[in-house]
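Residues per chain, in single letters:
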Amino acid sequence: MVSIIDGNAVAATIREDLKDKINILKDSGVTPGLATVLMSEDPASRTYVSMKQRDCEELGMNAVDIVIDPTSPPEELYSTLDTLNSNSDIHGYLVQMPIPSHIPVQELLFRIDPIKDVDGFHPENVGLLVSGNPRYKPCTPHGIQKLLESIDVETSGKDIVVVGRSNIVGKPLANLLLQKSPNGNATVTVCHSRTNNLPEKTREADILIAAVGIPEFIDGSMLSKNVVVIDVGVNRVEDDSDKGYRLVGDVEFDSASEKAKAITPVPGGVGPMTRAMLMYNTVQAASLQSNIPI
Ligand code: NDP
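Calculation notes
- Residues numbered from 1 in each chain as written.
- Predicted model: local features only at pLDDT ≥ 70, side-chain atom pairs only at ≥ 80, totals over all residues.
- Heavy atoms only, no water.
- Near = heavy atom within 4 Å.
- Polar contact = N/O pair within 3.5 Å; in protein donor to acceptor, adjacent residues only side chain to side chain.
- Areas by Shrake-Rupley, 256 points an atom, 1.4 Å probe, with all protein chains shown as cover.
- Helix = DSSP H or I, 4+ residues; strand = E, 2+ residues; numbered from the N terminus.
- Buried < 20%, exposed > 50% of the residue type's maximum accessible area, 1.4 Å probe, protein only.
- Domains from an automatic or database assignment.

Participant: Describe the site of the ligand, and please don't skip the residues or the numbers.
Facilitator: Near the ligand you find 22 residues, and of these Arg-165, Ser-166, Ser-193, Val-232 and Thr-274 are the closest. Interatomic distance of 3.5 Å between a side-chain N/O atom of Asn-235 and an oxygen atom of the ligand. At 2.7 Å, a side-chain N or O of Thr-274 approaches an oxygen atom of the ligand. Alone, the ligand offers 920 Å² of accessible surface; in the complex the protein occludes 70% of this. The greatest single-element share of the shell around the ligand, amounting to 3 residues, is contributed by helix H10 (residues 270-290).

Participant: Break down unusual backbone geometry for me, citing the residues and quoting the values.
Facilitator: For residues that are not glycine, phi is negative in most cases, and the peptide bond is trans in most cases. The omega angle of the peptide bond from Met-97 to Pro-98 is 0°, so this bond is cis rather than trans. As for its placement among the helices and strands, Pro-98 is situated in the loop between strand S4 (92-95) and helix H4 (105-111). In the segment running from Val-266 into Pro-267, the intervening peptide bond is cis, with an omega of -5°. With respect to the secondary-structure elements, Pro-267 resides in the loop between strand S11 (262-263) and H10. Located in the positive-phi region is Asn-185, a residue other than glycine, with phi close to 60°. Here Asn-185 falls in the partly exposed class, since its relative accessible area comes to 34%. Positive phi outside glycine occurs at Asn-291, with the angle close to 55°. Along the chain, Asn-291 turns up in the segment after H10. For Asn-291, a relative accessible area of 69% translates into the label exposed.

Participant: Mind laying out the domain arrangement of the protein chain, listing which residues take part and the relevant values?
Facilitator: Structurally, the protein chain comprises domain 1 (29-114) and domain 2 (139-271). Taking only C-alpha atoms, the centre of domain 1 and the centre of domain 2 are 28 Å apart.

And the structure:
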């Protein structure tokens, strides 16, 4: 019988643990502050930003919501980032992806003060991660490690197949799982759109992580028996519900469940963990910037 990994429950535990750390900071006069910068009219991005704002408020943290017209020139975004870099009440901030195509992503990332880069995407933070000394672990990969830990799945020595090599999920996740550290020490295979014989690779996995962005791309025939499946995908598929769509993952849940010993649902799996780890990084950023150990 497959077990369903409850991301909402694990995320709630992480938020609960954070409350003590936030109280330590507040007792010393520091309230962790997060700013979100939205430069998109995509409704899903708007929803993600609102949820991050709400998470901050529920934890008693400061939240600043900045919206920039998507047609604005890059300089307007850069000047907002400069202001956030010098605002000592804001300990962390993020620019919600995707951003308009006229904004060069690399230049944007270099503009973020690495100590406030709670997404962990600045090249300095990427370098620290790859060299085995992460400052801020990127939220989705870190959340996945915590999910595996929550169900006592040991990664050490396991064959883990990550499908997807993006800079925000696949690559940092592969790096984390490879580290000589707890929740690491795995043998990691990273697959992508040029991978030959993908099913052959995925069937080798003790733990399969899908971050592809294609609805129900991985099905049960691509999995071996007793695999642990982590589905990162969040895809809107049109249907005739009131909302006009439903969310599905990158894994075909029913057929995968017949093979897996544990699987994350969509929604309610990785998504809540990404949000919880953003709060975790923001609290860590406040601690680092105020020199208050937590
Ligand atoms: P990207 O589009 O940046 O990357 C997708 C990856 O999938 C690429 O590496 C691509 O390969 C690979 N891919 C595409 N087609 C195939 C194929 N046919 N076979 C094998 N690999 C393929 O997506 P993200 O990493 O940003 O996101 C992936 C999914 O995760 C999305 O659904 C996104 O919405 C979701 N997501 C969810 C989060 C959460 O908190 N739950 C957080 C972040 C993302 P190539 O590099 O060769 O193009």
